Amino acid sequence: MTAQPVTHRADVAIAGGGPVGLTLALALARRGYEVALADGAPPPDKAKPDTRAYFIAHGCWRIFRALGIEDQLLPLAEPVTEVEAEGRVGGISFIAEECSEPALGYMIEAGALASVLYKAVSAEASVKLISGAHILSASFDDPCGVLTLADGAIAAPLVVGCDGRNSLVRRSAGLRFEGHDYEAAAISTTVKLARPHNGAARQIFLPHGPMAVLPLPDDHANLIWTESALVARALAELDERGFELELAKKAGNFLADAKLAGPRVTFPIGLYIAERFDAHRVALAGDAAHVIHPLAGQGLNLGLKDVAALVDVIAEAGHAGLDIGAASALAPYTAWRRADVAATAAAMEGFARTFTSALPVRLAAGAAMAVAGMIPPVRKLFAREAGGDLGELPSLMAR
Ligand SMILES: Cc1cc2nc3c(=O)[nH]c(=O)nc-3n(C[C@H](O)[C@H](O)[C@H](O)COP(=O)(O)OP(=O)(O)OC[C@H]3O[C@@H](n4cnc5c(N)ncnc54)[C@H](O)[C@@H]3O)c2cc1C
């Protein structure tokens, strides 16, 4: 006998259970909302390994603290106490004390973050978490938006697309995604360092793009190496010894004697922003709304800020007795988030373009960075920006 299709009803339907979708589900559950979330991937313990590790700025880390999962995350995370960025003739560095925090943020492996979030969400009675469920279509009529699955559907007054850069929800809502691909890709992997990292996140600007070495527990580090797409693919396919030799050639003293300690995966790099982050019965958060160059580790941070802002916008509409999926209730969300995202995206675009331009431009930029690095208030501003603590902060990020 074939199972009857089931329609799950909720206050909020979430498409996508990446780090943004899971954080949103947890935050809404804690505010008393009924949530249903569908994700096409299997649960984290059965998923393919994700080689990424995330820098989570201390401002965004407070969201995890507010949601009560910091104690589970801390043993798996590495505090970042210093950031160094080097150009050809100089660089800038800043330390945690410059933003009066014990750490600028924390590095955590993608798989570890997914496991903690998944477990916390699974424990919420008011969340229906459906893994391995591909969403086939999305519609946004009155009184409910609907996500259609192979064996059922989710219906809710508000649908949130947290379904990543190729978001079906965004496309179904007819929201344009404007931007471009860089002709580059990032290789992400884990390396074992020859020397202690002392909590420093380091980045060097090479002619084809930045290389970042981000501290992980036990003197491991996450390596993000940007190259032209063709070269990146070839590097990822080398055997381990061949890759280490190429790395030693390219990175020199910046990363001496590092040994591969994990698989390599390449990621395409692009810059895209949705024209709006909301429409009638729908909102977008995370990579569904914006994709930026990974060079400063800000993509997920922007997504977490989306979550925190959206939760406040929904709660305010709910308290006022409004329909939380109505365009008028959601409009403050785009107003709050899009300008911040556009400013960060423009900064990343500026860095990426400047440091891959002709040598004189790179030299001038490196010199400018070195000069900026000598001015304490400028360093402090960089430190606060990296810490995700600028702008109007939603309640989940309150100090
Ligand atoms: C190399 C690299 C390093 C990075 N490092 C950092 C960093 O240090 N700090 C930082 O802040 N950001 C970083 N980022 C950015 C970060 O990876 C993204 O911003 C983040 O993963 C976005 O999370 P998300 O939940 O919005 O989307 P995703 O992680 O893409 O999750 C989307 C989810 O939606 C599901 N989905 C999609 N379509 C469907 C469908 N039709 N049906 C059902 N489910 C669906 C997918 O299965 C997936 O689980 C990095 C990016 C790269 C490429």
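Our subject is the structure that appears above.
Residues numbered from 1 in each chain as written. Predicted model: local features only at pLDDT ≥ 70, side-chain atom pairs only at ≥ 80, totals over all residues.

A short note on the overall build of the protein chain
Link 1 in the chain: Along its length, the protein chain carries 11 helices and 22 strands.
Link 2 in the chain: Burial analysis of the protein chain (399 residues in total) assigns 50% to the buried set.
Link 3 in the chain: Within the protein chain, contacts between residues at least 6 apart in sequence are counted, and of these 75% link residues at least 24 apart. (Helix = DSSP H or I, 4+ residues; strand = E, 2+ residues; numbered from the N terminus. Buried ≥ 20, exposed ≤ 12 C-beta atoms within 10 Å, placed from the backbone. Contact = placed C-beta atoms within 7 Å.)

Digging into the site of the ligand
Link 1 in the chain: The environment of the ligand is made up of 32 residues, and the closest members are Gly 16, Gly 18, Gly 164, Gly 286 and Gly 299.
Link 2 in the chain: At four residues, helix H8 (residues 299-319) tops the list of elements feeding residues into the shell around the ligand. (Near = placed C-beta within 6 Å.)

Considering the sheet that holds strand E20 (residues 278-279)
Link 1 in the chain: The mixed open sheet is built from six strands, whose spatial order is E9-E3-E2-E13-E21-E20. Each having just a single partner strand, strand E9 (127-130) and E20 make up the two edges of the open sheet.
Link 2 in the chain: Inspection of the sheet shows strand E3 (residues 35-38) paired to E9 by four bridges, in the parallel sense. Bridge pairing links Leu 37 to Leu 129 in E9.
Link 3 in the chain: Each of strand E2 (12-15), E3, E9 and strand E13 (158-161) is contacted by helix H1 (residues 19-30), which is oriented at about 170 degrees to E3, the strand it contacts most. (Pairing = 2+ DSSP bridges. Axes fitted to C-alpha atoms, helices over the stretch in contact; angles between N-to-C directions.)

What to know about H1
Link 1 in the chain: The first and last C-alpha atoms of H1 sit 17 Å apart over 12 residues, in line with the 16 Å expected at 1.5 Å per residue.
Link 2 in the chain: Counting buried residues along H1, 11 of its 12 residues qualify, which places the element largely inside the surrounding structure.
Link 3 in the chain: For H1, the full list of buried residues reads Pro 19, Val 20, Gly 21, Leu 22, Thr 23, Leu 24, Ala 25, Leu 26, Ala 27, Leu 28 and Ala 29.
Link 4 in the chain: In the stretch just after H1, Gly 32 is the one whose phi turns positive, near 95 degrees. (Expected span 1.5 Å × (residues − 1).)

Examining the sheet that holds strand E1 (residues 6-9)
Link 1 in the chain: Spatially, the four strands line up as an open sheet ordered E1-E12-E11-E10, and their pairing is mixed. Looking at strand neighbours, the two that pair on one side only are E1 and strand E10 (135-140), the edges of this open sheet. The mean angle between the axes of side-by-side strands here comes to 15 degrees, regardless of whether they run parallel or antiparallel.
Link 2 in the chain: Note: E1 against strand E12 (residues 152-156), four bridges, orientation parallel. Across the sheet, Val 6 pairs through a bridge with Gly 152, a residue of E12.

So, the pairing of E13
Link 1 in the chain: On E13, burial covers both faces: Leu 158 and Val 160 on one face and Val 159 and Gly 161 on the other are all buried.
Link 2 in the chain: Relative to E13, E2 runs parallel, the two being bridged by four bridges. Paired with Ala 13 across the bridge in E13 is Val 159.
Link 3 in the chain: Pairing geometry for E13 and strand E21 (residues 282-284), over three bridges, is parallel. In the sheet register, Val 160 faces E21, and the bridge partner there is Ala 283.

Considering the nonpolar core
Link 1 in the chain: In terms of nonpolar packing, the biggest core is built from 112 residues, with Leu 24, Ala 25, Val 35 and Ala 285 touching the most fellow members.
Link 2 in the chain: No other element matches H8, which puts 10 residues into this core.
Link 3 in the chain: Setting aside chain neighbours within four positions, we find Ala 285 in contact with Val 20, Leu 24, Val 160, Cys 162, Gly 303, Asp 306, Val 307 and Leu 310.
Link 4 in the chain: Counting five residues, the second-largest nonpolar core is a separate cluster that includes Val 291, Ile 292, Leu 302 and Ala 345. (Core = buried A, V, L, I, M, F, W, Y, C linked by C-beta atoms within 7 Å.)

Brief notes about unusual backbone geometry
Link 1 in the chain: In this structure, the amide linkage connecting Asp 142 to the following residue, Pro 143, adopts the cis form with an omega of 5 degrees.
Link 2 in the chain: Relative to the assigned elements, Pro 143 resides in the loop between E10 and strand E11 (145-149).
Link 3 in the chain: Positive phi outside glycine occurs at Asp 257, with the angle close to 60 degrees.
Link 4 in the chain: You can see Asp 257 is positioned in the loop between helix H7 (240-251) and strand E18 (259-260).
Link 5 in the chain: By the C-beta count within 10 Å, which is 11 here, Asp 257 ends up exposed.
Link 6 in the chain: Phi at Arg 281 takes a positive value of approximately 70 degrees, unusual for a residue other than glycine.
Link 7 in the chain: Within the secondary structure, Arg 281 sits in the loop between E20 and E21.

These values are about where atoms sit, not about what they do.
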